[in-house]
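Reading the structure
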Amino acid sequence: MTYAITQTCCNDATCVAVCPVNCIHPTPEERAFGSTEMLHIDPRACIDCGACADACPVDAIFPVDSLSPAQREYADINAAYYEGGEPAAGTTEGPNFHVWGEPVFGRSLPSDFGPLRVAVVGTGPAGMYAAQDLLLHTAAEVTLIDRLPVAGGLVRYGVAPDHPATKKVGDTFSRFHSHPRVRMHLGIEVGRDVTAEELAAHHDAVIYAVGASTDRRLGIPGEEGPGCLSATSFVAWYNAHPEAVAQGVDLSAERVVVVGNGNVALDVARILVADPEALAGTDIAAHALEALRASRVREVVVLGRRGPDDAAYTRSELLALKHLPGVELVVDDHDARTGAAIDAAGAGDRAGLLRGLARARTAAGSPRPGRGADRRIVLRFHSEPVEVLGDEGARSVRVTDGGGGGGAVDLAAGMLLRAIGYRGLPVPGLPFDEASGTVPHEGGRIAGLPGGYVVGWIKRGPSGGIGANRTCAAETVGTLLADAVAGSLPAPTGDAKAFRRLARRRNRRVVDARGLAAIDRAERDRGRRDGRSRVKLATVEELVATARAGRLLRLTR
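Residues numbered from 1 in each chain as written. Predicted model: local features only at pLDDT ≥ 70, side-chain atom pairs only at ≥ 80, totals over all residues. Heavy atoms only, no water.

Regarding a positive patch on the surface
Residues Lys 497, Arg 501, Arg 505 and Arg 508 make up a contiguous surface patch of positive charge. Within the fold, Arg 505 resides in helix 17 (residues 496–506). Arg 505 sits in the exposed class, given a relative accessible area of 53%. (Patch = residues over 30% accessible without salt bridge, like charges linked within 9 Å, V, L, I, M, F, W, Y side chains within 5 Å. Areas by Shrake-Rupley, 256 points an atom, 1.4 Å probe, with all protein chains shown as cover. Salt bridge = Lys/Arg side-chain N within 4 Å of Asp/Glu carboxyl O. Lys, Arg positive; Asp, Glu negative; His and termini not counted. Charge placed at Lys NZ, Arg CZ, Asp CG, Glu CD. Helix = DSSP H or I, 4+ residues; strand = E, 2+ residues; numbered from the N terminus. Buried < 20%, exposed > 50% of the residue type's maximum accessible area, 1.4 Å probe, protein only.)

This is how it looks when you write it as structure tokens:
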């Protein structure tokens, strides 16, 4: 028996480090690591030890013979990755199964080096990987800062609620929230409560992990009207983000058009047509669950400007759509190039995954799901929006239709969601590249700002999943420590206590680690009462009040 890596793989590569036979690839040292959608286990070399499954932070690894029907394709996907190659070479000498390389300690400080004080702005995966690296490799003292009064970032507010295994990576990060060398200040925003200069004055270095919090625009008429919103906003809405409008999404129309064909586009399409009762046990926002129960959406049309071979979604996210109960997955055949690409695709090609799906031309009027399904997702390639029509809200979306000849068709739709990419925003006091939406840097070192560093999407642009931030953080932390050894970090003028006083003077509602623990307990308690994993507190006021009440309760015991 062998193991296989499945849909929820986050490319964290923790499994690679514990594998005794080196049968998981690509490794972080291999060129393909940054470009593959997931990691793969070589079934010819796997010895069924289970070490990778125990180490996986997102429960993505299972024995092949225990895979569910929806996961069985992953046994073939793992094996296909190694077709034509040699299995991992072993060794019969010594206690190890294969020859290990020389240990490397690239991110460390000399033993006589004093502890650094480093602020990390942002508590999503990028920031927490950086904090973890510092805490595990050095004696650094870390200040965690987030503009929201709760930690988690993308894990809490970006991962779809029906992907609970992916959210488990948050448990890995949360163990550092109460670390003795960590101080937490949640609800503090750089540029609003403290300046970048003040932050730098109280720390040896500052790492900005602020992500890419806005979205790209389509630039078409009607885009700014009612019924048109970004996937960023929609994801925030169903994930109970405090800045999302609780009742701002109208699901009264039968069709929704989603522009873009990356993983986020498939996420929102899946949530829109999923059985609400299947979501009822997750941490989806209560207001979103109520709206989805009353929803009239029967069809989601996903527009891709290019063909199926160029789709941006991962294979695993597409495969998940094939197994949605009561949902038909259809390929729109309005353009002959789509069917031709699918028919000509090889087994390992992206377009080949669409072979066997129903093909039908999308009706301009009301949707007509078939095959016994009452809802469907339509993948419409070689098509893009031209205009959103409707005076007091979206009534239809005009899209290009067929062969690149300039024709168009109006699809009746009550909402348009754009999912064409995220974009970073400027941070007051930092340089910013408007073209890329990132902070200019060299190996993570902010250009022209000694002691300032970036990690994650604000560093490299909105690409790569959760695990990609681990290697990104390793590079940034390595640069920071090299600068420390070289003596190029500016000396701080204030200490940790002075910064704590400054933060609380500027914002009386700061949440610390004890307050965060109180929020977590309260959400889990609410979830247990409702038969759910957790019920999220959805407003800043609720979060702050719960944090304060939890602290007071602990102090009175």
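Quick look at the nonpolar core
In this structure, Ile 24, Tyr 238 and Ile 377 are the most contacted members of the largest nonpolar core, which totals 120 residues. Other than its neighbours up to four places away in sequence, Tyr 238 contacts Ala 160, Pro 161, Asp 267, Val 268, Ile 271, Ile 284, Ala 285 and Ala 288. (Core = buried A, V, L, I, M, F, W, Y, C linked by side-chain atoms within 4.5 Å. Contact = heavy atoms within 4.5 Å.)

Details of helix 10 (residues 263–273)
The element helix 10 is largely enclosed, with a buried count of 9 among its 11 residues. For helix 10, the full list of buried residues reads Ala 265, Leu 266, Asp 267, Val 268, Ala 269, Arg 270, Ile 271, Leu 272 and Val 273.

Some thoughts on helix 12 (residues 286–293)
Three or more residues of helix 12 are buried, namely His 287, Ala 288, Leu 289 and Leu 292. In the core, the buried residues of helix 12 are packed alongside helix 9 (231–238), helix 10 and helix 11 (276–279).

Details of unusual backbone geometry
Here the amide bond leading from His 25 into Pro 26 is cis, since omega sits at -5°, within 30 degrees of zero. Within the fold, Pro 26 resides in the loop between strand 2 (24–25) and strand 3 (40–41). A positive phi is found at Asn 11, a non-glycine position, where the angle reads about 60°. Assignment of secondary structure puts Asn 11 in the loop between strand 1 (3–5) and helix 1 (14–18). The backbone of Ala 13 sits at a positive phi, close to 75°, despite the residue not being glycine. With respect to the helices and strands, the residue Ala 13 is situated in the loop between strand 1 and helix 1.

Quick word on the packing of aromatic side chains
One pass over the full model with this rule turns up 5 aromatic pairs. An angle of 80° between the planes, with centres 5.1 Å apart, marks the rings of Tyr 81 and Tyr 82 as edge-to-face. Connected via pairs of aromatic rings, a cluster forms that spans Phe 234, Trp 237 and Tyr 238. (Phe/Tyr/Trp six-rings, centres within 6.5 Å; stacked < 30°, edge-to-face > 60°.)

Looking at the environment of Arg 147
Along the polypeptide, Arg 147 turns up in the loop between strand 6 (141–146) and helix 5 (154–157). Sequence separation between Arg 147 and Pro 20 is 127 residues; the distance between their C-alpha atoms is 42 Å. Not counting chain neighbours up to four residues away, the residues in contact with Arg 147 comprise Gly 187, Ile 188, Glu 189, Arg 192, His 241 and Glu 243. Here the side chain of Arg 147 touches Glu 243 through a polar contact of 2.4 Å, side chain to side chain. (Polar contact = N/O pair within 3.5 Å; in protein donor to acceptor, adjacent residues only side chain to side chain.)

Points about the sheet that holds strand 14 (residues 358–360)
Strand pairing in a sheet is mediated by backbone hydrogen bonds. Such pairs are either parallel or antiparallel. Here we have 7 strands laid out as an open sheet, ordered 10-19-11-12-15-13-14, and parallel in their pairing. Pairing within the sheet leaves two strands with one partner each, and these edge strands are strand 10 (228–230) and strand 14. Taken over all neighbouring pairs, the strand axes of this sheet differ in orientation by 25° on average, direction set aside. Of the strands in this sheet, strand 11 (255–259), strand 12 (299–303), strand 13 (327–332), strand 15 (375–380) and strand 19 (415–418) are in contact with helix 10, which crosses strand 15 at around 160°. (Pairing = 2+ DSSP bridges. Axes fitted to C-alpha atoms, helices over the stretch in contact; angles between N-to-C directions.)

Structural notes on the packing of helix 9 against helix 10
Interaxial distance between helix 9 and helix 10 falls to 10 Å at its minimum, and their mutual angle equals 50°. In this view, helix 9 runs oblique relative to helix 10, as classed from their interaxial angle. For the crossing formed where helix 9 meets helix 10, the hand is left-handed. Taking contact as the criterion, the partners of Ala 231, Phe 234, Val 235 and Tyr 238 in helix 9 are, on helix 10, Val 264, Asp 267, Val 268, Ile 271 and Leu 272. Of the residues assigned to the contact of helix 9 with helix 10, the class counts are 8 nonpolar, no polar and 1 charged. (Parallel < 35°, antiparallel > 145°, perpendicular 65-115°, else oblique. Left-handed = near helix turned anticlockwise from the far one by under 90°. Nonpolar A, V, L, I, M, F, W, Y, C, P; charged D, E, K, R; others polar.)

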